[in-house]
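# A closer look at the structure
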Amino acid sequence: MQIAIDGPGGAGKSTLSKKLAKTLRFVYIDTGAMYRAAGLLCLRNGIEIRQEPDKAIALTKKANIDLVIAETGQKILLNGEDVTDLIRTPEISMAASDVSAIPEVRLQLVELQRKLGQTHDVIMDGRDIGTYVLPNASIKIFLTAAPEVRAKRRLAELTEKGEVCDYDTVLADLKRRDHNDSTRAFAPLKAAEDSIVVDTSELTFEESFTHLYTIIKERL
Ligand code: DC
């Protein structure tokens with residue numbers, strides 16, 4: 001069984017998907033974490049991703065990016081190193097968006113995503129899950145919210161983690177990433193034709209969860 005949850009950053013995909021997976025006893029797969037690991041790899045090696053895509057491709061090809069599924073939550077490994085807690089910074093968000101525009105990098109990571117989708121009951125979140133990675137998913141949800149609302153949520157998350165940032169920068173980064181992700185040529189961010197679009201701008205986390213849970217239960 002495959003459930004695809006796509007949408008822009010800050011729409012609540014990962015927190016909602018995590019809770020849905022726990023409730024439904026599915027495995028949660030965070031595909032963004034894989035692109036974030038590839039972004040971290042490029043930054044660590046001083047690669048200007050947009051200017052040097054060939055270097056980013058070569059480096060990612062040699063690397064081992066893996067997702068470990070555990071009861072306590074998933075871990076993302078980069079060449080065996082647990083980088084789960086290192087990939088949530090604004091800098092890595094942008095690097096992930098840049099590296100994810102490179103088709104060769106996408107194909108490498110999509111292979112791993114499809115493998116996971118075939119071997120587990122999954123709730124997989126990302127940008128192209130319903131349109132490209134798992135086109136036959138049983139349920140496809142496109143989760144969205146107004147940029148201003150998403151920026152506020154993202155700012156709250158970052159502040160809670162002790163990051164120093166301001167609303168205007170978070171909003172500008174988010175809009176830039178939306179633009180990057182939805183205008184790239186290969187597997188861009190967009191709602192699958194057969195997806196259910198859910199706008200969480202006016203909903204609390206609990207309301208969003210109940211809404212999604214009801215949609216999924218009705219269709220399962
Ligand atoms: O979901 P996230 O914010 O962790 O994703 C980080 C970046 O990775 C996002 O800006 C675009 C890219 N991404 C993608 O292109 N395709 C996916 N399935 C998941 C993420």
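In case you missed it, the structure is sitting above this.
Description of the structure in this document. Throughout this description, residue numbers start from 1 for each chain and increase along the sequence as written. At least 70 in pLDDT is required for a residue's local features to be given in this predicted model, at least 80 for side-chain atom pairs to be given and counted, and no such filter applies to totals for whole chains, interfaces and linings, which use all residues. By convention in this description, side-chain values take in all heavy atoms of the structure and omit both hydrogens and water.

## Let's talk about the overall build of the protein chain
For clarity, the cut-off: Elements are defined by DSSP. Helices are runs of H or I of four residues or more, strands are runs of E of two residues or more, and each kind is numbered from the N terminus. Relative accessibility thresholds used throughout: buried, under 20% of the residue-type maximum; exposed, over 50%; partly exposed, between the two (1.4 Å probe, protein chains only). Calculation of accessible area relied on Shrake-Rupley with a 1.4 Å probe; when residues are assessed, cover is drawn exclusively from the protein chains displayed. Counted charges follow a simple rule, with Lys and Arg positive, Asp and Glu negative, and His plus the chain ends left uncounted. Where a charge lies is defined by one atom per residue type, namely NZ (Lys), CZ (Arg), CG (Asp) and CD (Glu).
Along the backbone of the protein chain there are nine helices and eight strands. Along the three orthogonal principal directions, the C-alpha set of the protein chain runs to about 45 × 40 × 35 Å. Taken across its 220 residues, the protein chain has 50% of its residues classed as buried. Within the structure as shown, the protein chain displays about 10900 Å² of accessible surface, and the carbon and sulfur contribution to it stands at 51%. Within the protein chain, one finds 30 positive and 33 negative side-chain charges whose respective centroids are separated by 2 Å.

## Side note on the packing of helix H1 (residues 13-24) against helix H9 (residues 205-219)
As a reminder, the rule being used: The axes are straight lines fitted to the C-alpha atoms, using for helices just the contacting stretch, and the angles between their N-to-C directions are given from 0 to 180°. An angle below 35 degrees is read as roughly parallel, one above 145 as roughly antiparallel, one from 65 to 115 as roughly perpendicular, and any other as oblique. By definition, turning the near helix anticlockwise from the far helix through less than a right angle yields a left-handed crossing, and turning it clockwise yields a right-handed one. What makes two residues a contact is simply this: any of their non-hydrogen atoms within 4.5 Å. Any residue outside Ala, Val, Leu, Ile, Met, Phe, Trp, Tyr, Cys, Pro, Asp, Glu, Lys and Arg is labelled polar, Gly included; the first ten of those are nonpolar and the last four are charged.
Contact geometry of H1 with H9 gives a least axis separation of 10 Å together with a crossing angle of 50°. Of the possible angle classes, the one that applies to H1 and H9 is oblique. Once H1 is placed against H9, the crossing between them reads as right-handed. The segment H1 lies against H9, with Thr 15, Leu 16, Lys 19, Leu 20, Thr 23 and Leu 24 engaging Phe 205, Glu 206, Ser 208, Phe 209, Leu 212, Tyr 213, Ile 216 and Lys 217. Tallied by class, residues from the contact of H1 with H9 come to eight nonpolar, three polar and three charged.

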